Amino acid sequence: MPVGIFRVCLLVITAIVNHPLFFPKENGTVPENTEEIIQKMKEREETLRLEQLRLEQEIADQEASQKALEKAALVVEESKEEKVRWDMWTALSMVIFLLIELWRQDFQEGNWQDVAGEEDDMAVLGKAFKGVTFPNKAVLASFYEKRILGTTGDMARMRELVEGFADDLLEALRSVCNRDADMEVEDCMGVGSMYENWRVRKPFVCDLIVPFAPPEPYCFRCQTWCSGDSFPPDEQGYGTIKVCRADEDVTGCICDKTKLGEDMLCLLHSQVNTTRPSSEMEDLLCFKNTQYLDADQVMKWFQIAVTKAWNRISHKYEFDLSFSLLDSPGALKIKFKSGKSIAFNLTPVVQYENSDVYLISHFPRSSLAADVPSSTHWFLTFAVYERRFIHLVSKTLPANACHVSCLQILSFLHGKQCSLTGPSGLTNYHLKTVMLHLLQARPSQDWAPEKLEARLQDMLKFLEKCLHEKKLYHFFIGNGKVPAELGFPIVFQRPEPLNLFRPFVLRRDLYRKTVDTFHEMLRNMSALISEYTVHIPLPHTNGIRKESL
């Protein structure tokens, strides 16, 4: 109890002591401090209000910027979508325009195909075979016997005469040449239609190729697009021939490409070997200031050498020899005193490595080399392998197979048509290429003699298809199915096939002329053949014009 009273008294005393009225002088500044505090609080409140306004303005500005960015992004997205739609419509319009243009050109050229109707077996492609009636077996057999078969004996006699004279001429050529400085000429080889027994058009012309090589210590190194060297599309099918020393590295030494300096010496090549005067390379028939063999220089050298050789042996023969074409190295003509003449071509070639592929300088009477890129570009010829392939396949065919007969008839028809309407882009080499493709594609029993009519139709349809597509691939280049027995270089089987009809893609006028000539030949086929089989009645045909030959 006393403890509780004591605690109450202590609490009362403490309250009285702490009351502010007991100390008036010490607490006299309290009112003044309160006003100061209030003033400071008002200033602080004003500062906070201004800061709030500033923050609100910044937030508003940020929101406006964000909206502007979103709007700009939306505009960009819309513009992209609009551009995509515009590009799509532009591309679609271009495609439609190209299709219309192709349709118009094909329609003008007579290549339009009626895809809605079904074509019969005689008219598989376009309008080429519509209204055309092929001669029957009896007419074809009579025509072949009367017009073509009788020429075989003449060709054999002519080949024998030309080969004997050519061997004698080349032997004389070797004797007049300087063995230490001039090119070394090898024996000639017969190629082409005269030696494959399918030439039918007169005058008969024998084609002989003559390999040649440079004098020691030089050698030829051939470069083609198949061997990895860079060649543009218009130079595919050609090659270049580099004249090198036999001891020179194939890939070339760095001393030939880099200036070593006066105080440095290549350990592989002496200074004499690396510096070749331009006059020395020109003596080796190279193009000026290069190491590449010049076809024009070779032509001049060969013509001069042939002239010297003929002057040496002319007293042995009772005929004259002259050049029939000055732009061909060896287009020769034998003129007898009776007035008759025999033409043949003796063309210099360079062997490709150790194969039977050759690089030929000129193609007489042919449009194959009409657009040679330059005189240092030589065309590759596979004539030896073509002759070898025909001989190899002939062993597997039935007796008296019709493959050569088909080619002879087709060559005759095309030649006659060109004599009426003028030359076209088709050559006999194109026709032979068609036959080579069909020989590989069809089984051997399909070439029996009684199937001459069917195989002739196959060749015409295949040729029409190639003309329509503007694609006729070279038989050997890019063909992986060449028989291994031929020993054909694999380097020419690896690249893409070479299109022999590429000029038709680049020259539309030539293509149109060729197609028109081909269609005209089909329409006149029966009339052309009937000129030599008039005693056999032909079935009545409509729409076929017979023209005098």
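Structure: see above.
To keep things clear, this report deals only with the structure shown in the data block. Computed from a predicted model, the values in this text were never measured in an experiment. (Residues numbered from 1 in each chain as written. Predicted model: local features only at pLDDT ≥ 70, side-chain atom pairs only at ≥ 80, totals over all residues. Heavy atoms only, no water.)

Considerations on the state of the cysteines
Thought 1: Per the counting criterion, the structure on display carries zero disulfides.
Thought 2: Here Cys286 is not disulfide-linked; the sulfur of Cys244 is the nearest cysteine sulfur, at 9.0 Å.
Thought 3: Residue Cys286 is classed as buried on the basis of its relative accessible area of 0%. (Disulfide = S-S within 2.5 Å. Buried < 20%, exposed > 50% of the residue type's maximum accessible area, 1.4 Å probe, protein only.)

Some words on the environment of Arg179
Thought 1: Structurally, Arg179 is set in the loop between helix H4 (152–176) and strand S1 (184–185).
Thought 2: Overall, Arg179 belongs to the exposed group, its relative accessible area being 64%.
Thought 3: Separated by 37 residues in the primary sequence, Arg179 and Glu216 place their C-alpha atoms 9.3 Å from one another.
Thought 4: The residues touching Arg179, leaving out its near neighbours within four places in the chain, are Arg174 and Pro215. (Helix = DSSP H or I, 4+ residues; strand = E, 2+ residues; numbered from the N terminus. Contact = heavy atoms within 4.5 Å.)

Let's talk about the nonpolar core
Thought 1: With 113 residues, the main nonpolar core has Leu169, Leu293, Phe344 and Leu346 as its most contacted residues.
Thought 2: Taken together, domain 1 (117–149 + 396–534) and domain 2 (151–247 + 280–381) each give at least three residues to this core, which thus spans both.
Thought 3: Ranked by size, the runner-up nonpolar core spans nine residues in total, among them Ile360, Phe379, Ala383 and Val384. (Core = buried A, V, L, I, M, F, W, Y, C linked by side-chain atoms within 4.5 Å. Domains from an automatic or database assignment.)

What about helix H7 (residues 295–313)?
Thought 1: Over its 19 residues, H7 extends 27 Å from the first C-alpha to the last, a length consistent with the 27 Å expected when each residue adds 1.5 Å.
Thought 2: For H7, the side-chain oxygen to backbone nitrogen distance between the N-cap and Asp296 is 3.1 Å, and the N-cap itself is Asp294. (Expected span 1.5 Å × (residues − 1). Polar contact = N/O pair within 3.5 Å; in protein donor to acceptor, adjacent residues only side chain to side chain.)

A short note on the side chain of Ser193
Thought 1: Relative to the assigned elements, Ser193 resides in the loop between strand S2 (189–191) and strand S3 (205–213).
Thought 2: The contacts of Ser193, once residues within four sequence positions are left out, are Trp198 and Arg199.

What to know about the pairing of strand S7 (residues 331–336)
Thought 1: Pairing of strand S6 (residues 319–323) with S7, which is carried by five bridges, proceeds in the antiparallel orientation. Paired with Ser322 across the strands is Lys333, a residue of S7.
Thought 2: Across five bridges, S7 lies against strand S8 (residues 341–351) in antiparallel orientation. Opposite Lys335, over in S8, you have Ser341 as the bridge partner. (Pairing = 2+ DSSP bridges.)

Here we look at the pattern of salt bridges
Thought 1: Evaluation of the coordinates by the stated rule reveals 15 salt bridges.
Thought 2: For Glu171, the salt bridge identified is with Arg174, shortest N-O distance 3.1 Å. Here the residue Glu171 and the residue Arg174 both occupy positions in helix H4, the gap between them amounting to three residues, near one helical turn.
Thought 3: We classify Glu171 as partly exposed; its relative accessible area is 47%.
Thought 4: For Lys432, the salt bridge goes to Glu386, with nearest N and O atoms at 2.7 Å. Of this pair, Lys432 sits in helix H10 (residues 428–441) while Glu386 sits in helix H8 (residues 383–394); the two residues are 46 residues apart in sequence, bridging distant segments of the chain. Accessibility assignment for this pair places Lys432 and Glu386 in one class, buried.
Thought 5: Salt bridges here are not isolated pairs; linked through shared partners, they connect Arg442, Asp446, Lys451, Arg455 and Asp458. (Salt bridge = Lys/Arg side-chain N within 4 Å of Asp/Glu carboxyl O.)

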